[in-house]
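The residues making up each chain are set out below.
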Amino acid sequence: MDFNTDEHFYGINKSLYYKNEEQKNEIKKMDPEYLTRTGTDFVLLPNSPEFINHNEPFEPMYIPKQTILEESLRREIERICFADTLLNKVVFDCTDPSPFTKDIDPAIYGLEVLPFYLPQSKEDSTLVFESRFESGNLRRAIQICDYEYNLILKPDYYTTMNTQWFYFSLSNTRKDVEYRFNIINMMKPDSLYNSGMKPLMYSEQGAKQKKIGWFRDGHEICYYQNNMKRKNGGFYYTLTFAVKFQHDFDCVYIAHCYPYTFTHLCRYLKQLESDPAKKNRVKRKQLCQTIAGNMCDFLIIGDFNNGKEKKGIIITSRVHPGETMASYVMEYMIDFLTGNTHEARILRENFIFKIVPMLNIDGVVNGNYRCNLAGVDLNRQWIDPNKKQHPTIYHTKQLVKKTKEERDLVLFCDIHGHSRKKNIFMYGCSGKDPNRKELVFPMLNRNNCSVFSFKDCCFLLQKDREGSARIALWRELSIINCYTLEMSFCGADFGKYEYFHFNLDIYKEIAQSFCLSIIDCYEPEQIKVKQVMEEIEQNSLKNQQKDDKNNSGDEGSDYSNDDPKEQAMPQQQIQLQNNDQQLGSQTKKLKKIPLLPPKKKKGQ
Ligand SMILES: [Zn+2]
């Protein structure tokens with residue numbers, strides 16, 4: 001059936017709104033333990049969107065226009081001055097009943113649910129928004145002009161903050177018309193959107209006709225403090241961008257980073273388990289249930305047939321639901337570790353890997369950016385996690401302790417995304433070891449990965465991060481190699497990928513080079529370890545970064561209201577300061593953009 005010809009469904013993805021019999025039967029057959037539960041009042045649509053991941057080219061960052069901030073602020077002032085003339089029509093709300101479709105029986109369209117808005121005719125160009133799918137988080141869309149919309153994001157459940165992640169769809173597009181979107185309740189004081197980052201988009205028609213997956217798009221992008229006061233002090237921030245869609249009546253998804261849902265993970269794990277080649281290399285175990293009742297699993301990877309003594313390595317990810325790249329890197333690591341390469345075999349022969357791929361499943365399902373359903377940041381609960389409020393952290397900590405008892409636990413790493421810095425880097429913990437052994441593993445990663453930046457690594461023990469996995473486990477269990485792996489939401493600021501966005505190829509590269517660095521770190525000859533130890537000695541790296549105060553802000557706790565210094569300043573001053581910084585960083589980056597995308601490394 002061609003949905004696009006259906007009256008009132010101009011480009012709307014109808015398959016989101018109903019499940020056919022085959023899908024219903026499939027779900028009945030599925031293991032009920034792995035059904036997705038929201039645990040909230042958020043009702044998911046019958047279906048979630050499915051995407052193709054093509055091998056996208058390296059996409060350049062945008063060149064920020066020098067006057068973009070002035071222009072954005074001017075538009076903001078115009079909207080305030082001419083507020084009476086704006087349409088101010090609520091065209092989407094993810095929880096409130098729709099005045100447009102509340103009296104229509106969805107069954108007449110063969111659906112279980114209806115979109116919030118249905119176009120009145122082919123000439124009605126109002127966009128039809130949707131976000132009631134897994135990880136979606138658009139709360140409301142307000143049409144303010146024919147082709148301009150203000151968007152409001154859902155804060156994390158049981159909090160009033162943490163809006164940064166966004167993921168929603170819109171349909172009924174018009175080709176070559178300039179649309180503008182303003183996400184008006186952002187929280188962080190600065191954003192990579194002012195340093196060349198573009199939002200990600202996915203066109204259903206582009207995917208269908210040309211097999212194009214997620215791509216970067218948008219222009220006139222700016223992130224600035226707006227005039228909306230927050231209840232507890234401070235102001236909100238706006239991300240504004242314009243975009244021209246390529247197709248009429250298309251359905252386009254827009255996101256902060258490549259979406260990666262719990263359902264996607266369950267499918268991936270099922271596939272992994274049923275792969276006959278991998279069956280003997282990986283075991284899937286249940287760790288615990290989340291607050292919403294979703295089953296959190298972990299994997300054990302190793303060569304279970306040889307009795308050789310093995311060292312332990314634990315890798316976790318997605319404690320922060322909005323940092324979706326962590327899941328891609330995790331998936332590529334699992335692929336590598338369970339794969340057929342010589343290196344993977346060496347790793348399985350010498351190590352037991354315990355992997356918790358998704359620590360904050362409920363947050364992922366509900367479209368949170370940072371917290372779980374207890375409304376807390378799980379990466380601050382590692383000192384004394386509560387079994388009921390933070391079950392996945394409690395049980396992962398038990399798993400770490402048990403592993404430490406049964407074998408030499410040599411490495412722990414928690415994978416994250418970073419919202420303000422570029423590059424890929426690590427945070428570690430510096431203690432009393434005069435040889436600074438904690439620097440070795442990150443330096444080996446630098447040698448193996450073209451986008452890994454050692455200068456961005458930080459080994460400080462910040463007071464407000466004491467409850468993070470990195471510091472808490474380092475302190476309690478004395479794991480020298482205890483790290484957070486951070487990846488920019490944007491891209492690199494050096495090397496061959498400078499000025500290009502990170503994409504799935506880069507995530508694969510970091511995953512593989514991380515695994516290869518483990519071999520370098522623990523091979524018996526210690527050849528590469530000796531080299532970097534010498535480098536540490538020669539370059540006096542021993543003392544570096546023990547007191548580098550500028551290199552903090554890890555694990556992403558960088559909200560304006562957390563910073564007492566910022567609270568003490570008058571708001572206008574903050575705005576000007578931020579704006580100066582933003583413009584400063586924009587103009588600095590103008591000249592050196594290369595014209596051709598970098599060539600891919602061989603063998604990837
Ligand atoms: Zn994080």
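Before going into details, it helps to say that this report is about the structure given with it.

Cut-offs used in this document
Residues numbered from 1 in each chain as written. Predicted model: local features only at pLDDT ≥ 70, side-chain atom pairs only at ≥ 80, totals over all residues. Heavy atoms only, no water. Donors = N, O, S within 2.8 Å, 3.2 Å for Na, K, Ca; no water. Tetrahedral: all angles 85-135°; square planar, octahedral: opposite > 155°, others 65-115°. Helix = DSSP H or I, 4+ residues; strand = E, 2+ residues; numbered from the N terminus. Contact = heavy atoms within 4.5 Å. Polar contact = N/O pair within 3.5 Å; in protein donor to acceptor, adjacent residues only side chain to side chain. Core = buried A, V, L, I, M, F, W, Y, C linked by side-chain atoms within 4.5 Å. Buried < 20%, exposed > 50% of the residue type's maximum accessible area, 1.4 Å probe, protein only. 1 Å grid on protein atoms, 1.4 Å probe; cavity = no way out; pocket = protein on both sides within 12 Å on 5 of 7 lines; lining within 4 Å. Points joined across faces, edges and corners; volume = space filled by probe spheres on them. Nonpolar A, V, L, I, M, F, W, Y, C, P; charged D, E, K, R; others polar.

**Remarks on the coordination of the zinc ion**
Okay, so step 1: His320 (ND1), Glu323 (OE), Glu323 (OE) and His416 (ND1) make up the full set of protein donors to the zinc ion, lying at 2.1 to 2.4 Å.
Okay, so step 2: Because the angles between the four donor atoms bound to the zinc ion fall within 57 to 153°, the donor set is best described as irregular.

**Some thoughts on the environment of asparagine 503**
Okay, so step 1: Structurally, asparagine 503 can be placed in the loop between strand E18 (482-488) and helix H11 (504-522).
Okay, so step 2: Sequence separation of asparagine 503 and glutamate 59 is 444 residues, and the distance between their C-alpha atoms is 8.3 Å.
Okay, so step 3: Non-local contacts of asparagine 503, meaning those with residues more than four positions away in its chain, are made with Glu56, Pro57, Phe58 and Tyr258.
Okay, so step 4: At 3.1 Å, the side chain of asparagine 503 forms a polar contact with the backbone nitrogen of aspartate 505.

**What about the side chain of arginine 465?**
Okay, so step 1: Relative to the helices and strands, arginine 465 is located in the loop between helix H9 (440-448) and helix H10 (469-477).
Okay, so step 2: Within polar-contact distance, the side chain of arginine 465 engages the side chain of aspartate 464 at 2.9 Å.

**Some details on the nonpolar core**
Okay, so step 1: Phe129, Phe181, Phe353, Leu485, Tyr507 and Phe514 are the most contacted members of the largest nonpolar core, which has 159 residues in total.
Okay, so step 2: Beyond its immediate stretch of four places on either side in the chain, phenylalanine 353 contacts Leu299, Ile300, Ile301, Ile313, Ile315, Leu337, Leu347 and Ile518.

**Notes on empty space enclosed by the protein**
Okay, so step 1: Under the defined criterion, the tally for this structure stands at six cavities of 30 Å³ or more.
Okay, so step 2: What the largest cavity holds in volume is close to 70 Å³.
Okay, so step 3: Forming the boundary of the largest cavity are Thr290, Ile291, Leu359, Asn360, Ile361, Asp362, Asn372, Leu378, Gln389, His390, Pro391 and Thr392.
Okay, so step 4: Of the residues in the lining of the largest cavity, the class split is five nonpolar, six polar and one charged.
Okay, so step 5: Taken together, Tyr34, Phe262, Leu265, Cys266, Leu269, Arg284, Met295, Cys296, Asp297, Pro357, Met358 and Ile361 form the lining of the second largest cavity.
Okay, so step 6: Elements with a minimum of two residues in the lining of the second largest cavity: helix H4 (262-274) and strand E13 (295-301).
Okay, so step 7: Of the residues in the lining of the second largest cavity, the class split is ten nonpolar, no polar and two charged.

Keep in mind these numbers describe shape, not what the thing actually does.
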